[in-house]
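Close look at the chain arrangement
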Amino acid sequence: MHVDEWLQTIPSVWVYVLVGAVIGLESLGIPLPGEIVLVSAALLSAKGVVDPVVVGLCASGGAIVGDSIGYLIGRKGGRPLFDRLGRRFPKHFGPAHIAKAEQVFNRHGMWAVFFGRFVALLRILAGPLAGALHMPYWRFLVANVLGGVAWAGGTTAAIYYLGVVADKWLKNFSWVGLAVAVLVGIGTTVWLKRKATKATGEEDTVPETVSAS
């Protein structure tokens, strides 16, 4: 059973609670499928099962509160916290992941917190890592609130309107048009992933080149 099908089996109020809780726990630093739950809830809102505004508010609240708690945990636990997590969860908190996230934080500061909300790895690490690196809380809070609202509210709105448009579009157009649209979407996604992989690979090779020289 897919996530959206499972969500349809529970009352709408619990969908809101689940969205806020899962995203909050993920933002706190626990690897959970927050984005999948948010997208599934937004799709349900396009079908009229839940209210998109409430979904967006719960997701934003969960993201902001979870990140803030993660910040406090990271502030108190410091680097030893990530060492322990790395031993227990190497897939998410391994030395390479932490080093990459720390590099992004040191280079971009508040922007790392804001845009980190849109990246799976940084979405988990943003709060605890900002606390461990002793980023001033007021700066973290501003970036956290803006990033949480932009990510949660923006994702909900985008998926909701896409779902509504897709539902109307499928009723008025042929399956041939749908197939063409799907192929275009897949092609665009593959192209973007290749560009992102290439850019990441080029960035990772720079330090090695410098150290070799």
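Here goes a summary of the coordinates provided. Each chain has its residues counted from 1, running along the sequence as written. The model is predicted, so local features are restricted to residues of pLDDT at least 70 and side-chain atom pairs to those at 80 or more, both for listing and for counting; the totals for chains, interfaces and linings are taken over all residues. Remark: hydrogens and water are excluded; side-chain values derive from all non-hydrogen atoms of the structure.

In this section: the overall build of the protein chain. Labels follow the DSSP assignment, with helices taken as runs of H or I lasting at least four residues and strands as runs of E lasting at least two, numbered in each case from the N terminus. Within the protein chain, the regular secondary structure consists of 10 helices and zero strands. What you see in the protein chain, going N to C, is helices and strands ordered as α-α-α-α-α-α-α-α-α-α. Note on classification: 1.4 Å probe, protein chains only; a residue is buried when its accessible area is under 20% of the maximum for its type, exposed when over 50%, partly exposed between these limits. Taking all 213 residues of the protein chain together, the buried fraction comes to 35%. Residues are treated as being in contact if the distance between any of their heavy atoms lies within 4.5 Å. Sequence separation of 24 or more characterises 74% of the internal contacts of the protein chain that already satisfy a separation of 6 or more.

The next thing to look at is a nonpolar patch on the surface. Put simply, a patch holds well-exposed residues, over 30% relative accessible area, that have no salt bridge, with like charges counted together within 9 Å and Val, Leu, Ile, Met, Phe, Trp or Tyr side chains within 5 Å. The method behind every accessible area is Shrake-Rupley, applied with a 1.4 Å probe, and residues are considered shielded solely by the protein chains displayed. Every case where a carboxyl oxygen of Asp or Glu lies within 4 Å of a side-chain nitrogen of Lys or Arg is listed as a salt bridge. Taken together, the side chains of Trp-111, Phe-115, Phe-118 and Val-119 make up a nonpolar region of the molecular surface, amounting to roughly 430 Å² of accessible area. Of the residues examined, Phe-118 reaches a relative accessible area of 40% and is grouped as partly exposed.

On to the environment of Val-145. Here Val-145 is to be found in helix α9 (residues 137-172). On the accessibility criterion, Val-145 (31% relative accessible area) is partly exposed. As for Val-145 and Ile-64, which are separated by 81 residues in sequence, their C-alpha atoms are 5.7 Å apart.

On to the nonpolar core, then. In this structure, Val-19, Ile-23, Leu-38, Val-50, Val-55 and Ala-59 are the most contacted members of the largest nonpolar core, which totals 15 residues. The element best represented in this core is helix α2 (residues 12-28), accounting for five residues. Leaving out residues up to four positions away in the same chain, Val-19 has contacts with Val-37, Leu-38, Ala-41, Val-55 and Ala-59. Here the nonpolar core consists of buried residues drawn from Ala, Val, Leu, Ile, Met, Phe, Trp, Tyr and Cys, with membership extended through side-chain atoms lying within 4.5 Å. Core analysis: the next-biggest nonpolar cluster, separate from the first, contains 12 residues, Val-104, Phe-105, Val-113 and Met-135 among them.

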